[in-house]
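Coordinate inspection notes
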Amino acid sequence: MIEALDLLMSESLWAAVLRIATPLIFGVLGALLCERSGVLNLGIEGIMTMGAMTGWLTVYLGGDLWMGLVIAALAGALMGLLHAGLTVPLGLSQHVSGLGITLFASALAYYLYRLIVEVGETPPTIEPFRPYAVPVLSDIPVLGPVLFTQTAPTYLALVTVAVLAYVLARTPLGLAIRMTGENPHAVEAQGLNPNALRVGAVVAGSALMGLGGAFLTTAAFNSFFPEMVQGRGWICIALVVFASWQPGKALVGALLFAFFDAYQLRLQTVVEGVPYQLFLMAPYVLSIVALILVARRAEVPEALMAPYRRGER
Amino acid sequence: MTPVLELSHITKRFGPLVANEDVSLRLGQGEILALLGENGAGKTTLMNILFGHYEADEGEVRVFGETLPAGKPRAAIAAGVGMVHQHFTLAGNLSVLDNVMLGSERLSRIGSDRRAARKKLMAISERFGLPVDPDARVSKLSVGERQRVEILKALYRDARVLILDEPTAVLARPEAERLFETLRGMTQDGLSLIFISHKLHEVMAASDRVAVLRGGRMVAERATSETSSSELAELMVGRKVQRPVRQDHAIGAPVLQAERITIVEEGETRLEDISFTVNEGEILGIVGVSGNGQGALGALLSGLMAPTSGALRLNGADVGQLGPRGLIAAGAARVPEDRHAEGAVGEMTVWENAILERLRSAAFSRFGFVRRAEAKAHARELIQRFDVRGAGPDTRIRLLSGGNMQKLILGRCLATGPRFLLANQPTRGLDEGAIAAVHEELLAARAEGAAILLISEELEEAVQLSDRIQAIVKGRLSEPVAAGEADARRLGLMMAGVWDTQDAA
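Residues numbered from 1 in each chain as written. Chains lettered and ligands numbered in written order. Predicted model: local features only at pLDDT ≥ 70, side-chain atom pairs only at ≥ 80, totals over all residues. Heavy atoms only, no water.

**With respect to the packing of aromatic side chains**
Applying the stated rule across the entire model yields 12 aromatic pairs over all chains. Through pairs of rings, three or more aromatic residues link up here, namely Trp56, Tyr60, Tyr110, Tyr113 and Phe224 of chain A. The ring of tyrosine 156 of chain B carries the charged tip of lysine 120 of chain B above its face, separated from the ring centre by 4.6 Å. (Phe/Tyr/Trp six-rings, centres within 6.5 Å; stacked < 30°, edge-to-face > 60°. Lys NZ or Arg CZ within 6 Å of the ring centre and 35° of its normal.)

**Structural notes on the UniProt feature "domain: ABC transporter" (unreviewed entry) in chain B**
Residue and element names in this part refer to chain B. Mapped onto this structure's residue numbering, the UniProt feature "domain: ABC transporter" (unreviewed entry) falls at residues 5-240 and 256-499. Between the first and last C-alpha atoms of residues 5-240 the distance is 32 Å; the span itself is 34% helix and 26% strand. In residues 256-499, the share of helix is 35% and the share of strand is 26%. The end C-alpha atoms are 24 Å apart. (UniProt positions renumbered as here; feature names shortened; annotations may be inferred. Helix = DSSP H or I, 4+ residues; strand = E, 2+ residues; numbered from the N terminus.)

**Regarding the environment of alanine 250 of chain B**
Mapped onto the elements, alanine 250 of chain B comes out in the loop between helix H8 (229-237) and strand S11 (254-265). Overall, the relative accessible area of 69% leaves alanine 250 of chain B in the exposed class. (Buried < 20%, exposed > 50% of the residue type's maximum accessible area, 1.4 Å probe, protein only.)

**A few points about the sheet that holds strand S14 (residues 309-314) of chain B**
Residues and elements named next belong to chain B. With respect to topology, 4 strands assemble into an open sheet ordered S12-S11-S14-S15, the strand pairing being antiparallel. Of all strands in the sheet, those bounded by a partner on one side alone are strand S12 (268-279) and strand S15 (317-318). One ladder, built from 8 bridges, connects S11 with S12; its direction is antiparallel. Counted as the bridge partner of leucine 256 is valine 278 from S12. In the packing of helix H9 (residues 294-302) onto the sheet, contacts are made with S11, S12 and S14, and the angle to S12 comes to roughly 60 degrees. (Pairing = 2+ DSSP bridges. Contact = heavy atoms within 4.5 Å. Axes fitted to C-alpha atoms, helices over the stretch in contact; angles between N-to-C directions.)

**As for the interface of chain B and chain A**
The figure often quoted for interface size is the accessible area lost as the parts come together. Facing 34 residues of chain B, the contacting portion of chain A comprises 27 residues. Roughly 2,500 Å² of surface becomes buried between chain B and chain A when both sides are summed, with 58% attributable to carbon and sulfur atoms. Taken as a group, Asn93, Leu102 and Leu107 of chain B account for 27% of the area that chain B buries against chain A, more than any other trio of residues on that side. Inspection of the chain B/chain A interface yields 2 salt bridges. (Buried area = accessible area lost by both parts, 1.4 Å probe. Salt bridge = Lys/Arg side-chain N within 4 Å of Asp/Glu carboxyl O.)

**A word on the packing of helix H4 (residues 65-87) of chain A against helix H5 (residues 94-116) of chain A**
Residue and element names in this part refer to chain A. Axis separation between H4 and H5 bottoms out at 10 Å; the angle between their running directions is 155 degrees. With respect to H5, the axis of H4 lies roughly antiparallel. Viewed along their axes, H4 and H5 form a crossing whose handedness is right-handed. The segment H4 lies against H5, with Met79, Leu82, His83, Leu86 and Thr87 engaging Gln94, Ser97, Gly98, Ile101, Phe104, Ala105 and Leu108. A breakdown of the residues in the contact of H4 with H5 according to their chemical character gives 7 nonpolar, 5 polar and no charged. (Parallel < 35°, antiparallel > 145°, perpendicular 65-115°, else oblique. Left-handed = near helix turned anticlockwise from the far one by under 90°. Nonpolar A, V, L, I, M, F, W, Y, C, P; charged D, E, K, R; others polar.)

**Some words on the pattern of salt bridges**
All names here are of chain B. If you walk through the whole model with that rule in mind, you get 38 salt bridges over all chains. For the salt bridge of arginine 270 with glutamate 265, the shortest nitrogen-to-oxygen distance reads 3.2 Å. Relative accessible area serves as the criterion here: at 27%, arginine 270 is assigned to the partly exposed category. Overall, the relative accessible area of 30% leaves glutamate 265 in the partly exposed class. A salt bridge links glutamate 282 to arginine 468; the shortest N-O distance between them is 2.7 Å. A residue pair is termed long-range when its members are at least 10 positions apart, and glutamate 282 in the loop between S12 and strand S13 (283-287) and arginine 468 in strand S21 (residues 468-473) qualify at 186 residues. Three or more residues are tied together by salt bridges with common partners; here these are Glu6, Arg26, Glu60 and Arg62.

**Re helix H3 (residues 44-60) of chain A**
Between the first and last C-alpha of H3 of chain A there are 24 Å, a value that for 17 residues agrees with the 24 Å anticipated at 1.5 Å per step. Directly beyond the C-terminal end of H3 of chain A, a positive phi value near 115 degrees is found at glycine 62 of chain A. (Expected span 1.5 Å × (residues − 1).)

**Section: the sheet that holds strand S9 (residues 209-214) of chain B**
Residues and elements named next belong to chain B. Reading across the sheet, the 6 strands line up as S6-S7-S8-S3-S9-S10 and stay open at both edges, with mixed pairing between neighbours. Only two strands of the sheet have a single partner each, and these edge strands are strand S6 (81-84) and strand S10 (217-223). Looking at each pair of strands side by side, their axes are set apart by 20 degrees on average, direction ignored. Across the sheet, H8 is in contact with strand S3 (32-36), S9 and S10; its angle to S9 comes to roughly 30 degrees.

**Observations regarding the domain arrangement of chain B**
All names here are of chain B. In terms of domain boundaries, chain B breaks down into domain 1 (3-237) and domain 2 (254-504). A straight line from the C-alpha centre of domain 1 to that of domain 2 covers 35 Å. Counting residues at the interface gives 7 residues for domain 1, matched by 6 residues for domain 2. Roughly 580 Å² of surface becomes buried between domain 1 and domain 2 when both sides are summed, with 48% attributable to carbon and sulfur atoms. It is Glu38, Asn39 and His198 in domain 1 that bury the most area against domain 2; as a group they hold 54% of the surface buried on that side. Counting every contact that joins domain 1 to domain 2 gives 0 salt bridges. The interface formed by domain 1 and domain 2 contains 0 residue pairs in polar contact (both at pLDDT 80 or more). (Domains from an automatic or database assignment. Polar contact = N/O pair within 3.5 Å; in protein donor to acceptor, adjacent residues only side chain to side chain.)

Structure representation (structure tokens):
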């Protein structure tokens, strides 16, 4: 028992929380941006897989790590464009299109990987992002090793939270995106084009999802394998609801989930006699509990999943 | 007068349907123009062309002498045209200020100048006498307040010409009167206005000039001071429309009796100790300002609410606890208040809606299967007998106009020859022609001996149709007065809650 509490005091646990949270932060922000404009993007799981593969492949073929991130974001954006094309101008079911994209992008990612890369006994590896100690700040006791000794994409994720929060809340573009998710007729009546805003939001959101995937192969691990996203995309979809569609709360949600995950991993080593599968389940169970407690008050964007056609009510 | 706005030779087709044909219109500086026409006459289409929601097939729009590019709301806004849509274009989850600001700043701006926006909004709000709380969430506002936000949105974008599409459709009378006062004030400030309406009394009261649309064509233009309600009614419908007149006849025995009914729901008293009787061949009118218990009364008589205390008797039998199906079986028919929500299932066909209440009857089902042929024949009969236009048995009912949908619902009720009929706001939102048709059917049912309870917010309608009238105020009912003794003053007092109560309860 004492050991379990001791774990909570260790710096390595909290550093791990931030590391585990990073792909979730990108993913949840991406999903949130799509949904704020009124489009549910269930392609997230596949888009993250695609990002993981393309990011890794770029580096494997000789690009640098940052180039890998850029390519992953572009690959995500491309998948997002496909989803947006099907659901916005064509107005097809967002569920069906999203799930289709997840299946398509996951399969395509693995196919391209096998096509281009020679796989032997063990998958080939790359040299990933190394933790970067921010000068001065990383010397702060406790906080330094936790917050300021992370890899570059983690810093990028935290900055993205702030940027997206600012854009949505404080800029005319953000207001227009939010309004599109609430009532596209209002956007049209004020002389803006709701469908263009939706396509833009879905493409940008999907690029963020691609970055989330790329973190897994260029920072968390150093190789790509097909099942590596492991349902993180679905967790992000739930976290958007948990966050009431707000970037700040999305960060909290991602950190909370990551904490459960990091803690259960370490608990496995100190608590004996409990099957490890139960620990593996814990973060998901706790996420559902948190969702129930928080999400009942959540305000869903009113026009979420409602396609918009001009001149129709 | 210089024209601030000119529509010339506008034609718009939707497939084979011609919505507007060669329509020309001018609006003068500081003028209030009423665009009058029945539902489906093409009023809204015309205004949507003007605002750029639709592109006209022929013709052009000029604002302050400049031709507007077709199909671009942004250009219309920039030219100084503002539109207040009938179905508000507001986002309920966002604040008033957010709703007003949308689209007013370049999208590429890094920050948003909310302080300046707030200042400008408050200045406009004060100048035009349209008070709002900029931080209030729109979903928390009343319908009247939402409309105010809709108007402020247009004014915030510096509109000089304001178009209002059926602005009073969602407002109660006093609110509507206040709105027109505000609009009149705006013309003093140099604004010019067009409002769309099919209500004659407000056109007569609030406009300078009237343009009448019928079947997509401009049929007449009149200065309001030189025309009359009856002339406009005739121009609008294309023939003389007269509401039918109630004939005196012998009233029979009591059919429906409410005895000291109280309904308490979730701790709130919806109806308090109400009593009334509806007799054979009689229409009992219930008047009152909306929100005074009409909803609960309608629910009670539809079987959707049961009395907490007291008794509801139909032909002597207690029917208070029967529920909707039992009540229908006992001989009650209902025309609900909201025909879209409760009266009909929009996506289903006319024939399906026609037999919805009688699915279990042997006439329309056998061994658990619907007898489609009989059901469709029944629907065809209703369509013919009640003059439902623009529909066959297989038409989805959503596509019917309000008046035709209402005629079908009324027909569904009357086909069974009910002993008792609840008519809850039966003509709300209908145009003159449809109102006359509905009145005709109600009076015909009365002549055949049905007992009818009419709930209406239109005093004129209640007085025309009812034999006796009671007022509903805060869930309580006044004593009945005979229609002959019901002058406007007396009804006004009753609706304000002033009546002589014999019992000192």
